[in-house]
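Reading the structure
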Amino acid sequence: MSDADGAPSPARDLGARLAERIAAEGPISLAAFMSEALFDPRAGYYATRDPIGAGADYVTAPEVSQMFGELIGVWAVHCWREMGEPDAFDLVELGPGRGVMMADLLRAARIRPGFLAAAQVTLVEASPALQAVQAGVLASAPIGLRWSVRLETVARGRPLILIANEFLDCLPVRQFVRLADGWRERLVGLAPEDAGRLAFTFAAAPASSPEIALLPETLREAPEGAIVETRPGVGPLLDELGRRLNAQPGRALFVDYGPAESEPGDTFQAIRAHASKDPLGAPGERDLTARVDFAELAREARSRGLAVAGPMAQGRWLAALGLEARAEALIRARPRSRSAIVAQARRIAGPQTMGELFKALCVSSPSLPPPVGFAHG
Ligand code: SAH
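Here the structure is a predicted model, which means the values were calculated and not measured.

Before going further, it helps to spend a moment on the pattern of salt bridges. Two side chains that carry opposite charge are able to pair once their charged atoms sit near each other. What the rule picks out here adds up to 26 salt bridges. Here Arg-326 and Glu-70 are joined by a salt bridge, their closest N and O atoms 2.5 Å apart. Here Arg-326 is found in helix 13 (residues 323-333), whereas its partner Glu-70 is found in helix 5 (residues 66-82), with 256 residues between them in sequence. Residue classification places Arg-326 among the partly exposed positions, given a relative accessible area of 26%. Between Glu-240 and Arg-156 there is a salt bridge, and its shortest N-O distance comes to 3.1 Å. Here Arg-156 lies in the loop between strand 4 (145-148) and strand 5 (160-165) and Glu-240 lies in helix 10 (residues 234-247), a separation of 84 residues in the sequence. According to the relative accessible area criterion, Glu-240 is buried, its value standing at 0%. Look at the salt bridges and you will find they share partners, linking Asp-13, Arg-17, Asp-40 and Arg-42 into a network.

Okay, here's the thing in structure tokens:
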């Protein structure tokens, strides 16, 4: 396919390629659609571009304010102390986006030179385009950095502090719908009136027992019409964390949007230029996410022998970590930016903005004490 001026358009080509594949092989799962649309090497949304920031498609908490990454830096230093100040540990970030959170974290961690001397930083990033952006943003980082496309390839055997902001929400989801005759998977097929256009459809056969077992237990008896989402990538990720955190002391912090309890609902969404769009339209050109089920994440972590703190609303969690004191310190240093700093703090912690919708959850080695910030969660 090509644009009107004749230039090739890899994104339109991706839509056409998916339509051809579906015409030949039948409908595909939503998870298969999401991974192609986000990570197709030629046209995937993350694989090919830098979508994050004020002028781009969406803004994340570390992009709103340096205070977010700084508080996570102070939190990470606490974790290191609770782990007995190991003189070598892995500091891993999953899905670092533009690399801003790690930059702010490392700057804040300068208060503890021992932490920086012990940390081996690895950025786990699947997108070559974003790896390049991260290398630029982190060019003056106080310590050396490594990259990996998967957590599994980061060498094991050392204590671990892992952080991930808005990483889980873009891991692909499958959807199941409760019909009169039981659960059925919701798939991506072709529109009946236009075979070039992708549209939702249902699997021909009811979901199998192993598929139904993937659904959160509390939702398996949901009423007819209910849609329930599952995220196949979470199990393997927690298997990997289970192996690491049961062998060495460590913690993994996940911050994302979603409810504390499992709820039914179709939350698969596309964002482009800060506006909501048809999630099946223009694959490769729109950010695709679905909310995180924190109850399920906690249950899966506990079933692997790990300790769980949270989920706790982002606003209360940041307050417990000292957001107010951090904002006051910044204002003292830059009095003329007072109103901007106050507005940033409200945006990342206010109940109407990110403070309630987003949650923090920490998964830890069972031997460690409860992590700071979550004590009253
Ligand atoms: N944490 C950043 C970016 C969030 S966007 C922030 O808060 O601003 C999601 C990030 O996760 C992107 O960097 C994306 O490329 C990366 N990502 C998504 N799925 C991934 C996967 N399976 N493996 C590695 N990185 C992934």
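That covers the picture; the talk isn't over yet.
This part is about the nonpolar core. Nonpolar side chains tend to gather and get buried jointly when the protein is soluble and globular. Of all hydrophobic cores here, the largest spans 52 residues; its most connected members are Trp-75, Leu-91, Phe-115, Ile-161 and Trp-317. Counting residues per element, this core draws most heavily on helix 5, which supplies nine residues. Those residues in contact with Phe-115 that lie beyond four places of it in its chain are Ala-76, Val-77, Trp-80, Phe-89, Leu-91, Leu-105, Ala-109 and Ile-161. With 27 residues, the next largest nonpolar core counts Ala-164, Val-234, Leu-237 and Phe-294 among its residues.

Every one of the 19 residues lining the ligand counts as a neighbour, but Thr-60, Gly-95, Gly-97, Glu-125 and Asn-165 are closest to it. The separation between a nitrogen atom of the ligand and a polar main-chain atom of Gly-95 is 2.7 Å. A distance of 2.7 Å separates a nitrogen atom of the ligand from a polar backbone atom of Asn-165. Considering the ligand on its own, with 570 Å² of exposed area, one finds that the protein chains cover 91% of that surface. Placement of the ligand is best described as lying within the largest pocket. Taken together, the residues that form the shell around the ligand break down as twelve nonpolar, five polar and two charged.

The geometry of helix 10 relative to helix 11 (residues 294-302) is characterised by a closest axis approach of 9 Å and an angle of 40 degrees between their N-to-C directions. Comparing the axis directions of helix 10 and helix 11 gives the class oblique. Both helix 10 and helix 11 take part in a crossing whose hand is right-handed. Mapping the contact onto sequence places Val-234, Gly-235 and Leu-238 in helix 10 and Leu-297, Glu-300 and Ala-301 in helix 11. Across the contact of helix 10 with helix 11, the residue classes break down as four nonpolar, one polar and one charged.

Conventions used here
- Once a new chain begins, its residue numbering starts again from 1 and follows that chain's sequence as written.
- Only residues with pLDDT of at least 70 are given local features in this predicted model, and only at 80 or more are side-chain atom pairs given and counted; all residues enter the totals for whole chains, interfaces and linings.
- Neither water nor hydrogens contribute to the side-chain values; these are computed over all heavy atoms in the structure.
- A side-chain nitrogen of Lys or Arg and a carboxyl oxygen of Asp or Glu constitute a salt bridge if their distance falls within 4 Å.
- The secondary structure listing takes helices from DSSP runs of H or I that are at least 4 residues long and strands from runs of E that are at least 2 residues long, numbered from the N terminus.
- Categorising residues by exposure relies on relative accessible area from a 1.4 Å probe, with only protein chains included: less than 20% of the type maximum marks a residue as buried, more than 50% marks it as exposed, and the intermediate range marks it as partly exposed.
- Throughout, nonpolar core names a set of buried Ala, Val, Leu, Ile, Met, Phe, Trp, Tyr and Cys residues whose side chains join them through atoms within 4.5 Å.
- Between two residues, a contact is recorded if the distance between any of their heavy atoms is within 4.5 Å.
- The cutoff for a nearby residue is simple: one of its non-hydrogen atoms must lie within 4 Å of the molecule or strand.
- Here a polar contact is taken to be a pair of N or O atoms separated by no more than 3.5 Å, where protein atoms must pair a possible hydrogen donor with a possible acceptor and residues adjacent in sequence count only if both atoms sit in side chains.
- Per-residue and other accessible areas follow the Shrake-Rupley method at a 1.4 Å probe size, with only the shown protein chains counted as cover for residues.
- The pocket and cavity definitions rest on a 1 Å grid over protein atoms only: a 1.4 Å probe that fits but cannot leave marks a cavity, an open set with protein on both sides within 12 Å along at least five of seven lines marks a pocket, and residues lining either have an atom within 4 Å of a point.
- Those molecules having more than half of their atoms within 2 Å of a cavity or pocket grid point set are described as sitting in that cavity or pocket.
- When residues are grouped by polarity, Ala, Val, Leu, Ile, Met, Phe, Trp, Tyr, Cys and Pro land in nonpolar, Asp, Glu, Lys and Arg in charged, and all others, Gly among them, in polar.
- The angle between two axes is taken between their N-to-C directions and runs from 0 to 180 degrees, where each axis is a line fitted to C-alpha atoms and a helix contributes only its stretch in contact.
- Our angle categories are set so that under 35 degrees counts as roughly parallel, over 145 as roughly antiparallel, 65 to 115 as roughly perpendicular, and the remainder as oblique.
- Left-handed describes a crossing whose near helix is turned anticlockwise from the far helix by less than a right angle; the clockwise case is right-handed.

Read these as layout, nothing more, since geometry by itself doesn't imply function.
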